[in-house]
Amino acid sequence: MAKQTKRPGIPRIESIKVENYRALRKIELKDLTPLTVLLGPNGSGKSTIFDVFNFLSECFQFGLRHAWDRRGRGKELKSRGASGPILFELKYREQPGTPIITYHLAIDEGTKGPEVVEEWLQWRRGTKGAPFRFLEFSRGKGRAASGETPDVDDAREETNLRSPDLIAVNTLGQLSEHPRIAALREFITDWYVSYLSIDQTRNQPEAGPQERLSKGGENLPNVIQYLKEQHPERLEAIFANLRQRIPRLERVEADPMPDGRLLLQIKDAPFDQPVLSKFASDGTMKMLAYLTVLHDPEPARFIGIEEPENFLHPRLLPELAEECRTAAQNSQLLITSHSPFLLNAMRAEEVRILYRDEQGFTQAVRASDIQGIKELLNAGASLGYLWMEGHFGIGDPLVNFGAPKANIKAGK
């Protein structure tokens, strides 16, 4: 495993609340850890929670209307039977020891498309007193306090945005006089949510270095080229990790072709000539792609990975989990999974089990809140095997639709 230097001042999400977003009628994940795993049967809501982070990221990168329309607008986005707006609420710290900041964003369908019906940012700088909202907006109109440490005595300037579908944090966060707002904008814009496609990693893109892997992985050769030119020691660390996991693999090459495209090739021992990436195994390409994300010299401060176990040998998953744990020193990671082998490398407080309640909406339980789990782990049991043997009493698709037994405290 490559050694990484821990970056100071990494923002951390401490909790997230979602209402009226598809199957997430009302759910709150509290006390989030730097590494969080979502576990549950098919249809339990793992991908929907995953998409919450992707939706917010797209809102900040491309605009609310783009993210809204791409998902079928309010008709497809809002929970069945819901009458109120879709609501997101993040509690986060900009770095350890700083005050908790709450970001509240409520969106609904207007006459001409999506509208931000309510948006605010608040914090409590000291240990006493009421929280102070230093940004408040509704449908493009509102006010915000400026400065490094906005306080209740500071003047809040009235502002009218050009359109009610504009997110105030995304707009005002581009101005230097709003550093707290800018910090949140930068944080969310920087999120990386992976929807990796093995076929796309075999593309032959136009040559040119690129710093970060795309969501689908189609620019993998460009990232290899960038690392080779700018961070050769980091690329060698990736290859060293890959050689430990893929038998006989020597190196990966990204070379420009005469027509300007990049050719990604895999060199195996003892053969003299490398093979094209399109002939490499799915597992090799997926492991290479994940390692480029986890060993990024300037990693995203939030990374989402969906079902990393697909195409990988089960014995590689505990080691991949440790790679994720190391990366969590510099990023906050969210992983969805069905794999007991990956789960074996996790801690009970890092795992949330999802299930659908009687109304069909997603609920979540933290594994450490299930009665008896901590005792079994202390006695030497492994979390993944406890899950497979039915000790969770929840998240089993063959038993009661995955709903919990009486010995579980829901909503954690």
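Heads up: these notes are all about the structure in this document. This structure is a prediction, so every number in the text was calculated from the model and none was measured.

Procedures and definitions
Residues numbered from 1 in each chain as written. Predicted model: local features only at pLDDT ≥ 70, side-chain atom pairs only at ≥ 80, totals over all residues. Heavy atoms only, no water. Pairing = 2+ DSSP bridges. Helix = DSSP H or I, 4+ residues; strand = E, 2+ residues; numbered from the N terminus. Axes fitted to C-alpha atoms, helices over the stretch in contact; angles between N-to-C directions. Contact = heavy atoms within 4.5 Å. Salt bridge = Lys/Arg side-chain N within 4 Å of Asp/Glu carboxyl O. Buried < 20%, exposed > 50% of the residue type's maximum accessible area, 1.4 Å probe, protein only. Expected span 1.5 Å × (residues − 1). Parallel < 35°, antiparallel > 145°, perpendicular 65-115°, else oblique. Left-handed = near helix turned anticlockwise from the far one by under 90°. Nonpolar A, V, L, I, M, F, W, Y, C, P; charged D, E, K, R; others polar.

Turning our attention to the sheet that holds strand β1 (residues 12–21). Spatially, eight strands are ordered β2-β1-β4-β5-β6-β7-β8-β9 in an open sheet, and the strand pairing comes out antiparallel. Where the open sheet ends on each side, the last strands, each with one partner, are β2 (24–29) and β9 (156–160). Averaged over all pairs of adjacent strands, the angle between their axes in this sheet comes to 15°, without regard to strand direction. For strand β8 (residues 141–145) and β9, the ladder comprises five bridges, and the chain directions are antiparallel. Its bridge partner lying in β9, Ala-145 is registered against Arg-156. Sitting on the sheet, helix α1 (residues 46–62) is in contact with β1, β2, β4 (86–93) and β5 (101–110), with an inclination near 100° to β1.

The next subject is the pattern of salt bridges. Under the counting rule described, the total for this entry stands at 35 salt bridges. Put simply, Arg-245 and Glu-323 hold a salt bridge, and the shortest N to O gap is 3.1 Å. With Arg-245 in helix α8 (residues 232–245) and Glu-323 in helix α10 (residues 317–327), this residue pair connects regions lying 78 residues apart in the sequence. With a relative accessible area of 7%, Arg-245 lands in the buried category. With a shortest N-O distance of 2.7 Å, Arg-261 and Asp-259 are connected by a salt bridge.

The subject of this paragraph is α8. Taking 1.5 Å per residue, 14 residues should reach 20 Å; α8 reaches 20 Å between its end C-alpha atoms and fits that length. When we look at burial in α8, the residues that qualify are Leu-235, Ala-237, Ile-238, Phe-239, Asn-241, Leu-242 and Arg-245. Packing partners of the buried residues in α8 comprise α7 (220–230), β11 (249–256), α9 (282–294) and α10.

Relative to each other, α7 and α9 sit at 50°, their axes nearing to 11 Å. Taken together, the axes of α7 and α9 lie oblique to each other. The handedness of the crossing between α7 and α9 comes out as left-handed. Contacts from Leu-220, Val-223 and Ile-224 of α7 reach α9 at Met-285, Leu-288, Ala-289 and Thr-292. Looking at side-chain class alone, the contact of α7 with α9 contains six nonpolar, one polar and no charged residues.

As a further point, take unusual backbone geometry. One non-glycine residue with positive phi stands out, namely Arg-22, at about 55°. Here Arg-22 shows up in the loop between β1 and β2. Note on Arg-22: relative accessible area 30%, which makes it partly exposed. The backbone of Glu-307 sits at a positive phi, close to 45°, despite the residue not being glycine.

Across the interface, α1 lies against helix α5 (residues 179–189) with an axial gap of 8 Å and an inter-helix angle of 115°. The two elements α1 and α5 cross, and the hand of that crossing is left-handed. Between α1 and α5, the residues in contact are Leu-56, Ser-57, Phe-60 and Gln-61 and Arg-185, Ile-188 and Thr-189, respectively. Here the residues of the contact of α1 with α5 sort into three nonpolar, three polar and one charged.

Let us look at the sheet that holds strand β3 (residues 35–39). Taken in spatial order, the six strands of this open sheet run β10-β14-β15-β3-β16-β17, and their pairing is mixed. In the strand order of this sheet, the two ends are held by β10 (192–194) and β17 (362–366), each with one partner. With direction set aside, neighbouring strand axes in the sheet form an average angle of 20°. Where β10 meets strand β14 (residues 302–306), three bridges bridge the pair, whose relative direction is parallel. Its bridge partner lying in β14, Val-193 is registered against Gly-304.

With that out of the way, let us pick up the pairing of β8. Two elements, strand β7 (residues 132–138) and β8, share four bridges in a ladder whose sense is antiparallel. Bridge assignment links Phe-137 to a residue of β8, and that residue is Gly-142. The antiparallel pairing of β7 with β8 creates a hairpin that spans two residues between the two strands, and Arg-139 there sits at a positive phi of about 50°.

By secondary structure assignment, the location of Pro-131 is in the loop between β6 (113–123) and β7. In the structure, Pro-131 is positioned 36 residues away from Ile-167 in sequence and 22 Å away in space, judged by C-alpha atoms. Apart from the residues within four sequence positions on either side, Pro-131 is in contact with Gln-122, Trp-123 and Arg-124.

All we've got here are geometric facts, nothing functional implied.
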